[in-house]
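# Summary of structural features
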Amino acid sequence: MNEFLFTQILTELEDAVGKENCSTKLVDKVAHSVDYFWLSRMWADRGREMPMGDFIVSPKDAQEVSKVLKIANYYKIPVTTWGGGGGTQGGAIPVCGGILLDTKRMNQIYDINEQGMYIECGAGAIYKHIEWAANERGYSTMHFPSSLTCSTVGGFLAHRGIGVVSTKYGKIDDMVLQMEVVLPNGDIINTSSAPKHAAGPDLNQIFIGSEGTLGIITKAQIRIYIQPEVRRFRGFLFKNMHAAFEASRELLQIFKPSVMRLYDDAETASLIKKIVGVAKPGAFMNIAYEGKKELVDVEEKILLETFAKYGAEDLGSEYGEKWWEEKITFFYPGHMMDLPQMFGTMDTIAPYDKIEEIYWAMKKAIETKYPNIKFIAHFSHWYEWGAMIYDRFICDNPPQDPIEAMKLHNEVWTTGVRTALAHGGVVNDHHGVGIKLGRLMKEQYGPAMQVFEGLKKSLDPNGIMNPFKLGL
Amino acid sequence: MKISDKARQQAESCRFCWMCRHVCPIGNADGQERNNARARALMVSYVIRGTEKLEDIATNMYECSLCGACANNCKTGWDPRLFIQEVKTQIILEGKEPEYIRKLLDNYSSCGAVFGKMDKGAQQLLQKMQEEYSDGKVLLLAGEMAVNKDAESLEKTLKLLSKGSESICLDKSADNTGYSLWYLTGKTKETVECARKCAEALNKYEKVVVYNPVELSFIRHEWKEWGITLKARVVGLNEELLDLINNDKLKVRKSDIEYSLQDNFAYARELDDVTSGRQLIEKVGIVKDMLLINKEANLAGQLIMNEYMPNTMKLVAKNRWMNAMNMGCKTLVTENPDEHVLLKENVPEGYKVITVEEMVLDNLA
Ligand SMILES: Cc1cc2nc3c(=O)[nH]c(=O)nc-3n(C[C@H](O)[C@H](O)[C@H](O)COP(=O)(O)OP(=O)(O)OC[C@H]3O[C@@H](n4cnc5c(N)ncnc54)[C@H](O)[C@@H]3O)c2cc1C
Ligand code: SF4
Ligand code: SF4
């Protein structure tokens, strides 16, 4: 862009959000160029600059977002939304430059509504901060992803995130009542005032998971829950995963634990051994159940009886408690995979009739095609009908050359996700799509993709919103 | 860029980690992505690789308060302040400091304080105190922040300590620990020299009561690491006040007034003292805690940064007031001049902030 036009746009953006909230400084551009996506981290590690936004803007509310989008539409420049940058799919990387819109100034807590059991907040609020606000009144949001401290409300909504107590309390898309969204043309809309209704299709669910391609979420009403009277843990060791699946499916027809995490043999022998201390072979499973004490007593009895039927060894509560204490430790540098390793989480989800088959097929596909790549997994979000695989590949010595490393990375991902799709899985369970998996969306949806494309075309005719993400 | 292996290792570790974002008081205040430990580390790692230039990242290093909330929250044992301070030294050595930092350093050279010339009122008050408390075996090490920005609180402290029958004095020549120079330039020859001079002056006294916990921590940790030792016994103000009360040298009355401690990070995290402030409150009233206390203490302000980023400091103080308001904490008690001054400047209607010494003074029997 020529300097003249650049300066013209800059002054308009400054007018929209205030000079101090509009930057063209290198520090701000760099800070918003590397997210949690392995490729962007690798690129930076190799001393390469990632694509950067030209204008970094931080609006304070929907009105300012609206002004920014109107400017962007007029000049037809891309707008990429950035929450915490904690996304793993490259969703927040401004691959085409233009405007990088950071949401973190929209962090107001407008209302803690104890009657309606929700917190109304700006979408740029760090999730942990709304959890604190809930805690101050004796409640909890019950959304405990490992990135609770770094990602935003809007980011979780945009990527359809999930936390560790999801089996009882649900995924982020179950935790939101109403949302305020700014459409690409700058119109500010509200979704319906209650999330369950028969007033046509669900507007919430159109924007949840849309990754900044259809609009920008600026406000949300997030559910709060009473704190459980007791939260108990129980660790189990299953001889094999099949038995664990059978036992868990049966259990879920009776009640919902909060935490359910089943680790395959490889992850039990590595991460679990290192951090929780379980040193025996087998598949470790950690269960938490919580609520009113009388109910929890009953649940505990049912849990022990059910799992005993499937030959699970009861490891008591110690491992589970340790796991709870250390649940975030897994993600710190030194505990988590890190460069120079190449790694990725290919989470997918399917009903019980397919999930085991998907796991074995993905493991086989990755380990056969890439003998130097390890495949480990756990299953951590469970429903009455199925479960999610959090499967990871780890390559200890990827190519040093960044282009070669990128090629290998993308190839492994294509192999893994295609295998999941071929056996009845989906592109992703809770990390979203971003630029990483956009190419596979059409493979999953086939002609159904035209629904998303149609929405994109009509809401964002200039194609300014987060280009090359979500396969749109 | 020349930094130690340890600092480099630390930066390489933090650069892709976001886990402490939520506790950074600066990032929480201004909402800027560059203001958290990982962003600073990413910048440094790019400079190490020669991709970006030191001057491009310089301002970002000066947006850190060194409050250590990130390090405290971190499970790795790393401390981002290590690389931040080493990078500042490089910035200074290469003459790449931002203009506003140069201005503070110029102030330091010309008036001996980064804040520049004191306003007249404060100057007169200080002079009066210096005359009144010119002689004694026990020194109140007031420190640069209190001397320049909160002289009124110093006056109250002197009054209180002298009531406790201590032979207390102020000494201009023993007042500069080198903290602000260290904050701005890291460990340079000048910083160490300044600290050494201060130590010599302190050694004339039997006992030194350090007013500002940030400087107490600086003396206990950085001075020690630099091989600067002290003969004089050094204590913090909280400890001194508790001692006077426990030994009946200061008589206080207890009421049912609720006070909420604004834990200073230096006491809580660097000096492992989360009790002295609360014990003082318990002597005169009732502790009412808010969220983010003890080791999780949330910074409420930093006076050097207030010189060049006052809007952010306002927001930092306002965020802390928000914590207090959410828990119905009406009276905040501060342990550090920076937090006292900035909380006071931003006090919401119906709320109050006082220093620990003011609280004790208000409740003398
Ligand atoms: C250490 C670590 C652990 C993690 N663990 C989990 C976990 O347990 N569970 C889980 O679900 N995820 C996890 N993640 C992934 C990440 O936290 C989630 O993907 C989260 O949803 C990203 O939110 P963010 O605010 O960081 O978004 P960003 O990375 O900034 O953005 C993600 C996408 O959302 C879009 N976006 C952001 N805000 C808005 C908005 N307001 N409106 C519209 N679009 C928007 C962006 O354009 C981008 O496409 C983890 C990440 C890290 C770093
Ligand atoms: S201090 Fe710890 S939590 Fe913070 S960025 Fe560094 S490694 Fe991560
Ligand atoms: S020391 Fe404090 S201000 Fe600096 S990065 Fe850490 S938390 Fe933020």
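Residues numbered from 1 in each chain as written. Chains lettered and ligands numbered in written order. Predicted model: local features only at pLDDT ≥ 70, side-chain atom pairs only at ≥ 80, totals over all residues. Heavy atoms only, no water.

This part covers the domain arrangement of chain B. All names here are of chain B. According to the domain assignment, chain B contains domain 1 (5–97), domain 2 (120–243) and domain 3 (253–362). Computed over C-alpha atoms, the centres of domain 2 and domain 3 are 21 Å apart. Taken together, the contact between domain 2 and domain 3 spans 25 residues of the former and 29 residues of the latter. Regarding the contact of domain 2 and domain 3, the summed buried area is about 2300 Å², with carbon and sulfur atoms giving 69% of it. The three residues of domain 2 that bury the most area against domain 3 are Pro213, Asn238 and Leu242, which together make up 27% of that side's buried surface. Our count for the domain 2 to domain 3 interface comes out at two salt bridges. Note that glutamate 358 and lysine 156 form a salt bridge whose closest N and O atoms lie 3.4 Å from each other. Counting the contacts that link domain 2 with domain 3 gives 12 residue pairs in polar contact (both at pLDDT 80 or more). Those elements that place two or more of their residues in the side of domain 2 that touches domain 3 are helix H9 (143–149), helix H10 (151–163), helix H11 (179–185), helix H13 (213–225) and helix H14 (237–246). It is H13 that contributes the most residues to the side of domain 2 that touches domain 3, six residues altogether. (Domains from an automatic or database assignment. Contact = heavy atoms within 4.5 Å. Buried area = accessible area lost by both parts, 1.4 Å probe. Salt bridge = Lys/Arg side-chain N within 4 Å of Asp/Glu carboxyl O. Polar contact = N/O pair within 3.5 Å; in protein donor to acceptor, adjacent residues only side chain to side chain. Helix = DSSP H or I, 4+ residues; strand = E, 2+ residues; numbered from the N terminus.)

We now examine the sheet that holds strand S7 (residues 331–334) of chain B. All names here are of chain B. Spatial strand order, S6-S5-S7-S8: four strands in an open sheet with parallel pairing. A strand with exactly one partner marks an edge of an open sheet, and here the two such strands are strand S6 (286–287) and strand S8 (352–355). Relative to S6, strand S5 (residues 258–262) runs parallel, the two sharing two bridges. What sits directly across from tyrosine 259, in S6, is valine 287. On the sheet, helix H16 (residues 276–284) packs against S5, S6 and S7 and is oriented at approximately 165° with respect to S5. (Pairing = 2+ DSSP bridges. Axes fitted to C-alpha atoms, helices over the stretch in contact; angles between N-to-C directions.)

In the neighbourhood of ligand 2, the contacting residues comprise Tyr332(A), Pro333(A), Cys14(B), Cys17(B), Met19(B), Cys20(B), Ala37(B), Cys74(B) and Pro80(B). Close to ligand 2, residues of chains A and B are found. (Near = heavy atom within 4 Å.)

On to the interface of chain A and chain B, then. Contacts between chain A and chain B engage 46 residues on the former and 35 residues on the latter. With both sides pooled, the region where chain A packs onto chain B buries about 3400 Å², and carbon together with sulfur makes up 61% of that total. For chain A, the biggest contributors to the area lost against chain B are Val27(A), Glu136(A) and Tyr332(A); these three give 21% of the whole. Summed over the shared surface of chain A and chain B, the number is four salt bridges. As a salt-bridge pair, Asp45(A) and Arg15(B) come within 2.9 Å of each other at their nearest N and O atoms. Applying the counting rule to chain A against chain B returns 17 residue pairs in polar contact (both at pLDDT 80 or more). Secondary structure elements with two or more residues in the side of chain A that touches chain B: helix H2 (26–31), helix H3 (38–45) and helix H5 (127–136) of chain A. Ranked by the residues each element gives to the side of chain A that touches chain B, the list is headed by H2(A), at five residues.

A separate point is the site of ligand 1. Taken together, 34 residues sit near ligand 1, with Thr81(A), Gly83(A), Gly86(A), Ser147(A) and Thr152(A) positioned nearest. Near ligand 1, residues from chains A and B are present, making the site a shared one. Here Thr81(A) contributes a backbone N or O atom positioned 2.6 Å from an oxygen atom of ligand 1. Contact between ligand 1 and Ile162(A): a nitrogen atom at 2.8 Å from a main-chain N or O atom of the residue. A total of 980 Å² of accessible area belongs to ligand 1 in isolation, and the protein chains cover 98% of it. Only strand S3 (79–82), helix H6 (153–159) and strand S10 (216–223) of chain A provide two or more residues apiece to the shell around ligand 1. The biggest single contributor to the shell around ligand 1 is H6(A), with five residues. (Areas by Shrake-Rupley, 256 points an atom, 1.4 Å probe, with all protein chains shown as cover.)

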